[in-house]
Amino acid sequence: MRFMVIVKATPESEKEGALPDAQMLAEMGKFNEELIKAGVVLAMDGLQPSSKGARVKFSGKSRTVVDGPFAETKELIAGFWMWQVKSLEEAIEWVKRCPNPHAGDSEIEIRQVFEMEDFAPILSQEEIQYKVEKRAELPNQAIKR
Amino acid sequence: MSATDPHHATHRTIEAVWRIESSRVIAGLTRLTRDVGLAEDLAQEALVAALEQWPQSGVPDNPAAWLTATAKRRAIDLFRRNAVAERKYEELGRELEVLEQTMPDLSSTLDNTISDDLLRLVFISCHPVLSTESRAALTLRLLGGLTTDEIARAFLTPEPTIAQRIVRAKRTLADKHIPFEVPRGPDLAARLSSVLEVIYLIFNEGYSATAGDDLMRPTLCEDALRLGRILAELTPREPEVHGLLGLMEIQASRTRTRISPTGEPILLLEQNRAHWDLLLIHRGLTAIDRAHKTSKSRGPYLLQAEIAACHARARTPEETDWPRIVSLYTELAALTPSPIVELNRAVAVSMVHGPQAALDLVEALATDPSLDGYHLLPSVRADLLYKLGRYPEARHYFQQAAALTRNTRERALLLSRAAACQTR
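Bear in mind that the values here come from a model prediction, so they are computed numbers and not experimental data. (Residues numbered from 1 in each chain as written. Chains lettered and ligands numbered in written order. Predicted model: local features only at pLDDT ≥ 70, side-chain atom pairs only at ≥ 80, totals over all residues.)

Participant: Lay out the overall build of chain A with the relevant residues and their values.
Facilitator: Looking only at helices and strands, one finds four helices and six strands in chain A. Starting at the N terminus and walking to the C terminus, you meet the elements of chain A as β-α-β-β-β-β-α-β-α-α. Burial status across chain A gives 22% buried among its 145 residues. For chain A, contacts bridging at least 24 residues in sequence account for 74% of all contacts bridging at least 6. (Helix = DSSP H or I, 4+ residues; strand = E, 2+ residues; numbered from the N terminus. Buried ≥ 20, exposed ≤ 12 C-beta atoms within 10 Å, placed from the backbone. Contact = placed C-beta atoms within 7 Å.)

Spelled out as structure tokens, the structure:
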């Protein structure tokens, strides 16, 4: 199963032109290397402060653009990984090994990614029927990949 | 016991720690004891100790170091009791000291040693002296951190059978004095290919379940992918390792489109490409690039990965570069002559030169006794006959294919195609 592991922002990481501390960067690099060696990490990235971002607010049919920065720092994210592990507990164990991503207090949030099976119940019976009928007319393949 | 029960929670944590650490713990212990079976027993004892102690004492800060230290203490006790190998005993003592001194920062100084030990563990688990089945079970157990029960469920085999398979494999390794080492020189290629074979077998067992009601067991695919990703970091200079990883990543990118909600297989050309997993495709293409950077030559896994990449790059089935696929299959057939490769090549040929050209190839293959009982041969043949409008013959071969497949879902699909021939 997959998890998105989210590093929350801090007032420091939200500062204009904020760059991570060199020491922390080195430690994080080592941790990432460990994750890669363990075959756990699928993707990862760090995010610039929200001052370089924007939000699009939806209300019915209208769209309003709000430029960053955004105030509620604790709810913002500073970076993320996508991991493939066996369980939430395994993700938690890995996160516990992560160096503290910011000076002082930080928070890392772990969220499970939806798998296709989770959506199976919302496919309509017609969609299923259509697929079954269509299949009989399409070419067969020996290449099952 | 409920999920919120603290004991249960600790058990789940211990399982997770085991999953992360067991292979490294076992690898390190094998180097010390020179006996992979004993190493695993010791690691298991440490796990049992953790299960007994951690619910009371809490999970230690460095659980891996705790497990290793506990296992090593057991090893020392054992050696002391058996009064064997004075030198080995001293070595263990020294190792333990070093370990205790470096406990807070275990991974930094020992990084290279750990990687070397892990690679040795990969090679010994996949040693050709063992049957392919045993290699797969042992690899999942020692490197994947799976329990015997999990392996048994994955392979739809009774647990005692798997347990026995593992015990026998460990005994064989000990009896034949298989060294705990990374093979060198001319040996390396053959041994590496045995490793790749095992990982791909595990992947395929998950991807196209050979028996049973499920067409896929995705967790087994994930286990194989994890092993492949680990191996790619352990042997970054081996193009075929990246080739296999690329192949598996791209195949896995189609996982969610290969089966309809009602459980029938959906063939490649009718899959909803919008639902292919772009992250895995990207990872697959990156693996292929890495393979190219390490070597100019293309081995069989890399060639298959490139064929898979041709499909992955095509946004619609019509955009598929079939001539390139035909040429890749031709290269593959020259490298590893096999009727199955020829059969796949025939399918690609049908896309370039039409069904008749392909049928000629398939009919020639039908005389090959090694394809007797292989359901995809009549299945492809039936499909080509269907396209040529030769419905009664098509029906015959669809039925033959249905009778040969061991997968119930696939059988249903083949029978429905046979039935469709009758109405034409």
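Participant: Report on the packing of helix α18 (residues 391-404) of chain B against helix α19 (residues 408-422) of chain B, specifying residues and quantitative values.
Facilitator: Residues and elements named next belong to chain B. Close contact between α18 and α19 brings their axes to 8 Å; oriented N to C, the two are set at 165°. For the element pair α18 / α19, the angle class is roughly antiparallel. In this structure, α18 meets α19 at a crossing whose hand is left-handed. For the pair α18 and α19, contact is made by Y391, A394, R395, F398, Q399, A401 and A402 and by R411, L414, L415, R417, A418, C421 and Q422, respectively. (Axes fitted to C-alpha atoms, helices over the stretch in contact; angles between N-to-C directions. Parallel < 35°, antiparallel > 145°, perpendicular 65-115°, else oblique. Left-handed = near helix turned anticlockwise from the far one by under 90°.)

Participant: Which residues make up the pairing of strand β3 (residues 54-59) of chain A, and what values do they have?
Facilitator: Along any regular strand, the residues point their side chains to alternate faces of the sheet. All names here are of chain A. The buried count for β3 comes to zero of six residues, which makes it a mostly uncovered element. With six bridges connecting them, β3 and strand β4 (residues 62-67) associate as antiparallel partners. Bridged to S59 within β4 is S62. Between β3 and β4, which pair antiparallel in sequence order, lie two residues; one of them, G60, sits at a positive phi of approximately 55°. (Pairing = 2+ DSSP bridges.)

Participant: Any chance you could break down the sheet that holds strand β5 (residues 77-84) of chain A for me, citing the residues and the numbers?
Facilitator: Residues and elements named next belong to chain A. If you walk across this open sheet you meet the four strands as β2-β5-β1-β6, and the pairing is antiparallel. Each of the sheet's edge strands pairs with one partner strand only, and the pair in question is β2 (41-46) and β6 (108-112). Neighbour-to-neighbour, the strand axes of the sheet open up by a mean angle of 15°, direction not taken into account. The pairing of β2 with β5 spans five bridges and is classified as antiparallel. In the strand pairing of β5, M44 is matched with W81. Each of β1 (2-8), β5 and β6 is contacted by helix α2 (residues 88-96), which is oriented at about 160° to β6, the strand it contacts most.

Participant: With reference to specific residues and values, describe the nonpolar core.
Facilitator: With 124 residues, the main nonpolar core has A:W83, B:L29, B:A43, B:V195, B:I199, B:A224 and B:F398 as its most contacted residues. Per-element tally for this core: the top contributor is helix α1 (residues 6-33) of chain B, with ten residues. Apart from the residues within four sequence positions on either side, B:F398 is in contact with B:A382, B:L414, B:R417, B:A418 and B:C421. (Core = buried A, V, L, I, M, F, W, Y, C linked by C-beta atoms within 7 Å.)

Participant: Tell me about the confidence of the model for chain A, and name the residues and values.
Facilitator: Residues and elements named next belong to chain A. Confidence along chain A averages 83 in pLDDT terms, with 79% of residues attaining 70 or more. Looking over chain A, one finds the lowest element-wise mean pLDDT in helix α4 (residues 125-137), namely 50, and the highest in β6, namely 97. Segment residues 134-145 is flagged for pLDDT under 50; beyond a separation of four residues in sequence, or across chains, it makes 32 contacts in the model. (pLDDT = per-residue confidence, 0-100.)

Participant: Which residues make up the environment of A:H102, and what are the values?
Facilitator: Residue and element names in this part refer to chain A. Looking at the secondary structure, you find H102 in the loop between α2 and β6. Taking the number of C-beta atoms within 10 Å as the measure of exposure, H102 has 19 and is therefore partly exposed. Considered as a pair, H102 and L25 are 77 residues apart in the sequence and their alpha carbons are 9.9 Å apart. For H102, the residues in contact, after removing those within four places along its chain, are T10, E12 and S13.

Participant: Please give an account of helix α9 (residues 186-207) of chain B that cites residues and values.
Facilitator: At 3.6 residues per turn, the α-helix brings residues three or four places apart onto the same side. Relative to the 32 Å expected for 22 residues at 1.5 Å per residue, α9(B) spans 32 Å between its end C-alpha atoms, a close match to the ideal helical length. Restricting attention to buried positions, one finds in α9(B) the residues B:L192, B:V195, B:L196, B:V198, B:I199, B:I202, B:F203, B:E205, B:G206 and B:Y207. (Expected span 1.5 Å × (residues − 1).)

Participant: Give me the environment of A:D45: which residues, what numbers.
Facilitator: Residues and elements named next belong to chain A. Mapped onto the elements, D45 comes out in strand β2. Since 8 C-beta atoms lie within 10 Å of it, D45 is described here as exposed. Considered as a pair, D45 and F70 are 25 residues apart in the sequence and their alpha carbons are 20 Å apart. Those residues within four positions of D45 in sequence are excluded, and the remaining contacts are G79 and F80.

Participant: I'd like a rundown of helix α8 (residues 159-175) of chain B, residues and numbers included.
Facilitator: Compared with the 24 Å implied by 1.5 Å per residue over 17 residues, the 24 Å span of α8(B) between its first and last C-alpha is a close match. Among the residues trailing α8(B), B:H177 stands out with phi positive, at a value near 50°.

Participant: Could you give an account of the confidence of the model for chain B, with specific residues and numbers?
Facilitator: Residues and elements named next belong to chain B. Model confidence for chain B is summarised by a mean pLDDT of 87, while 89% of its residues fall at 70 or above. Low pLDDT (under 50) marks residues 102-109, which in the prediction has eight contacts with non-local residues, meaning those over four places away or in another chain. Here the predicted complex carries an ipTM of 0.80, next to a pTM of 0.84.

Participant: So what's going on with the environment of B:I307? Residues and values would help.
Facilitator: Residues and elements named next belong to chain B. Looking at where I307 falls in the secondary structure, it is placed in helix α13 (residues 300-313). The exposure class assigned to I307 is buried, which follows from the 25 C-beta atoms found within 10 Å. Setting aside chain neighbours within four positions, we find I307 in contact with I325, L328 and Y329.

Participant: So what's going on with unusual backbone geometry? Which residues, and what values?
Facilitator: The omega torsion across A:G68 and A:P69 is 0°, close enough to zero to call that bond cis. Following the sequence through the fold, A:P69 ends up in the loop between β4 and β5. You will see that B:R34, though not glycine, has its phi angle at about 60°, which is positive. Within the fold, B:R34 resides in the loop between α1 and α2 (36-57). Overall, B:R34 belongs to the partly exposed group, with 15 C-beta atoms counted inside 10 Å. The backbone of B:H177 sits at a positive phi, close to 50°, despite the residue not being glycine. In this fold, B:H177 is placed in the loop between α8 and α9.

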